[in-house]
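# Observations on the three-dimensional arrangement
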Amino acid sequence: MVAYALAVRTTAVSYGFIRTKESAVTVTDQPPSPPGKADHASGGGDVIPLRQAARAWFEISWQTFGGPAGQIAVMQRALVEDKRWIGQQRFNHALSYCMLLPGPEAQQLAIYTGWLLNGTRGGLIAGTLFVVPGVLALLALSALYVAFGSTAALVGVFAGLAPAVVAIVVQAVSRVAQRSLTHPLLMALAAVSFAALALFSVPFPAVIAAAALAGWLIGRYKPDALAPPAGHGAGDGPPPLIPDDALHHEQPSRRRTWRILGAGLLLWAVPVAAVALLTGAGSVFTTQGVFFSGTAMVTFGGAYAVLAFVAQQAVQTYGWLSAKEMVSGLALAETTPGPLIMVVQFVAFLGAYRDPGGLDRWVAALLGALLTTWVTFVPCFLFIFLGAPYIERLRGNRRISAALTGITAAVVGVIANLALYFAEHALFTDVDEKNFGPLHIALPDLTTLRPAALAITVIAALLIFKLRWSVLRTLGICAALGLGAALTGLPGI
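What you see is a predicted model, and the numbers here were worked out from it, not measured in a lab.

Our next topic: the overall build of the protein chain. Check the secondary structure of the protein chain and you find 17 helices and 2 strands. Restricting the contact set of the protein chain to residue pairs at least 6 apart, pairs at least 24 apart contribute 75%. Carbon and sulfur atoms make up 67% of the accessible area of the protein chain, which amounts to about 20,700 Å² in all.

Taken as a class, soluble globular proteins show a tendency for nonpolar side chains to be buried jointly. Within the largest apolar cluster, 121 residues are counted, with the highest numbers of intra-cluster contacts made by M75, Y112 and F292. In contact with Y112, other than residues within four places in its own chain, are H93, A94, Y97, C98, I384, A388, I391 and E392.

Here S201, not a glycine, exhibits a phi torsion of approximately 50 degrees, which is positive. Mapped onto the elements, S201 comes out in the loop between helix 7 (184-198) and helix 8 (204-221). Of note in this structure, R468 is not a glycine but carries a positive phi near 55 degrees. In this structure R468 comes out as exposed when scored by relative accessible area, which is 64%.

On to the environment of F383, then. Along the chain, the position of F383 falls in helix 14 (residues 361-393). It is 9.0 Å that separates the C-alpha atoms of F383 and C98, two residues lying 285 residues apart in sequence.

Let us now look at the packing of helix 13 (residues 343-354) against helix 14. Their axes nearest at 7 Å, the elements helix 13 and helix 14 cross at an angle of 145 degrees. The chirality of how helix 13 crosses helix 14 is right-handed. Along the contact surface, helix 13 presents V344, Q345, A348, F349, A352, Y353 and R354, while helix 14 presents R361, W362, A364, A365, L366, G368, A369, T372, T373 and T376. Grouping the constituent residues of the contact of helix 13 with helix 14 by class yields 10 nonpolar, 5 polar and 2 charged.

Along the chain, E392 falls in helix 14. Among the residues examined, E392 registers a relative accessible area of 0% and is labelled buried. With 299 residues separating them along the chain, E392 and H93 place their C-alpha atoms 8.9 Å apart. Within the local environment of E392, its side chain forms a polar contact with the side chain of R90, the two groups lying 2.5 Å apart.

Take the pattern of salt bridges next. Between side chains of opposite charge, a pair can form as their charged atoms come close. As enumerated under the stated definition, the model contains 4 salt bridges in all. Taking the shortest distance from any N to any O, the salt bridge between R121 and D46 comes out at 3.0 Å. Of the two residues, R121 is situated in helix 5 (residues 105-148) and D46 in the loop between helix 1 (2-15) and helix 2 (50-61); the sequence distance between them amounts to 75 residues. Given the relative accessible area of 32%, D46 is considered partly exposed. A salt bridge links E392 to R90, with the nearest nitrogen and oxygen atoms 2.5 Å apart. Of this pair, E392 sits in helix 14 while R90 is found in helix 4 (residues 88-99), placing the two residues 302 residues apart along the sequence. By relative accessible area, which is 1% here, R90 ends up buried.

Mean pLDDT over the protein chain: 81, with 82% of residues reaching 70 or higher. In the model, residues 231-235 has pLDDT below 50 throughout and makes 3 contacts with residues more than four positions away in sequence or in other chains.

What follows covers the side chain of H93. Inspection of the secondary structure puts H93 in helix 4. With a relative accessible area of 9%, H93 lands in the buried category. Excluding residues within four positions of it along the chain, H93 makes contact with Y112, I391, R395 and L404.

On to helix 7, then. With 15 residues, helix 7 should reach 21 Å at 1.5 Å per residue; the first-to-last C-alpha distance of 21 Å fits that figure. Listed as buried for helix 7 are L186, L189, A190, S193, A196, L197 and A198.

We now examine the packing of aromatic side chains. Applying the stated criterion to the full structure yields 12 aromatic pairs. Between F58 and W62 the ring centres are 6.3 Å apart and the planes differ by 70 degrees, which places this aromatic pair in the edge-to-face class. Residue classification places F58 among the partly exposed positions, given a relative accessible area of 44%. Taken together, a centroid distance of 5.4 Å and an interplanar angle of 75 degrees make the contact between Y145 and F346 edge-to-face. Taken as a pair, Y145 in helix 5 and F346 in helix 13 lie far apart in primary sequence, 201 residues in all. Considered together, Y145 and F346 belong to a single accessibility category, that of buried residues. The structure contains a cluster of three or more aromatic residues connected by ring pairs, namely F291, F292, Y318 and W320. Looking at K83, its charged tip hangs above the ring of W85, at a distance of 5.3 Å from the centre. Above the ring of W469, the side-chain terminus of R473 is found at 3.7 Å from the ring centroid.

Criteria and cut-off values
- Residues numbered from 1 in each chain as written.
- Predicted model: local features only at pLDDT ≥ 70, side-chain atom pairs only at ≥ 80, totals over all residues.
- Heavy atoms only, no water.
- Helix = DSSP H or I, 4+ residues; strand = E, 2+ residues; numbered from the N terminus.
- Contact = heavy atoms within 4.5 Å.
- Areas by Shrake-Rupley, 256 points an atom, 1.4 Å probe, with all protein chains shown as cover.
- Core = buried A, V, L, I, M, F, W, Y, C linked by side-chain atoms within 4.5 Å.
- Buried < 20%, exposed > 50% of the residue type's maximum accessible area, 1.4 Å probe, protein only.
- Axes fitted to C-alpha atoms, helices over the stretch in contact; angles between N-to-C directions.
- Left-handed = near helix turned anticlockwise from the far one by under 90°.
- Nonpolar A, V, L, I, M, F, W, Y, C, P; charged D, E, K, R; others polar.
- Polar contact = N/O pair within 3.5 Å; in protein donor to acceptor, adjacent residues only side chain to side chain.
- Salt bridge = Lys/Arg side-chain N within 4 Å of Asp/Glu carboxyl O.
- pLDDT = per-residue confidence, 0-100.
- Expected span 1.5 Å × (residues − 1).
- Phe/Tyr/Trp six-rings, centres within 6.5 Å; stacked < 30°, edge-to-face > 60°.
- Lys NZ or Arg CZ within 6 Å of the ring centre and 35° of its normal.

As structure tokens, then:
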């Protein structure tokens, strides 16, 4: 990470995009920003009051259902469209960077955006609130699962939310595509990315790397394809508080990099070292802390890319839970707010409960779950706080911006693929993998259609597209419908 940060800085300096700030005035990119476009947080002030931002992130945190596609959709709608706190290009730029990092990209996007709005405090608040509802919900469901083996009522509530998210994600894909795919070449790049993932099972890192190369080539040979159309977005509302061409006030520096790296690694490692000293190097807590710390570093391409490895190790190597329980944990994580990688908390809860050492079983389960959550998400803050200032200064570099624009176009295809995956698993009980030569297609078993889930999806689509209800209001209605279906024993929920 040090080498990465210093390499990015060296590149930025070599192209002249990191400059010493003489005063609290504009720090410009290349090409220069239009007159009057100031550094949006000069002097370190908040773009909006911190309390107002915290309240907004709290509201967003309870709407983060549906995996990364749904979570990005919620932030897009709240921050870009409704509140007008950040411009679309700026949002896309941040998202493109987050897609390059290991870990849950939606939470990293929240940290990045919170940092843009309120500096380090804002990033900490946004990233923490983003995962708190999921942590609390999955802790409650894990305890109920262990205590009673059945969580019909709560699962019914969350099962009602899952179909609603299908409609929300479809709306998100449409809106992000309209604002990001401003040229046929970008549309083609999004379509190719979707096909590569959905039809050919191309590894996610390969798709992103190819998209960056394609964007760089487009920027070099057809730069007009990357320019926003004249008047693009002019009628969408007032200008955002953070313009697309303004820079964050926080200057990247070698001293800042080492300070953040040291503090981040210390915060990451101390809890693991503490449990190792208190419970022994061979305890389940130490094993979980070390194992999930390593997992956090290899989750490129989202949780699905690493869950097969986690399941194999947790079930076969460590024996923390059974394969059936792993599937149940994944189902619970799918229907709770927050990143899907939160399923590791369920895995750690069951593993520590069954091997508590000298602790009470419930205390051990709580300790294992919280330690695993800590080592999974602390790296996200470290990656963003280390890299964001450098990435900000590189936005003026046409070649790098072109590559990130290519990634943004590919992200539309990625979200569409995630939306398809989520829709298949929300509406059908069984989805089979079919291979036809190089084609690898996930086809749902039509006989396993969930009628109640389909009905809730249709209702959610009507509420969102026809009646234009808010996301939170729609989720509330669908949660009630799911609970009613579960309690009355309706099939297909």
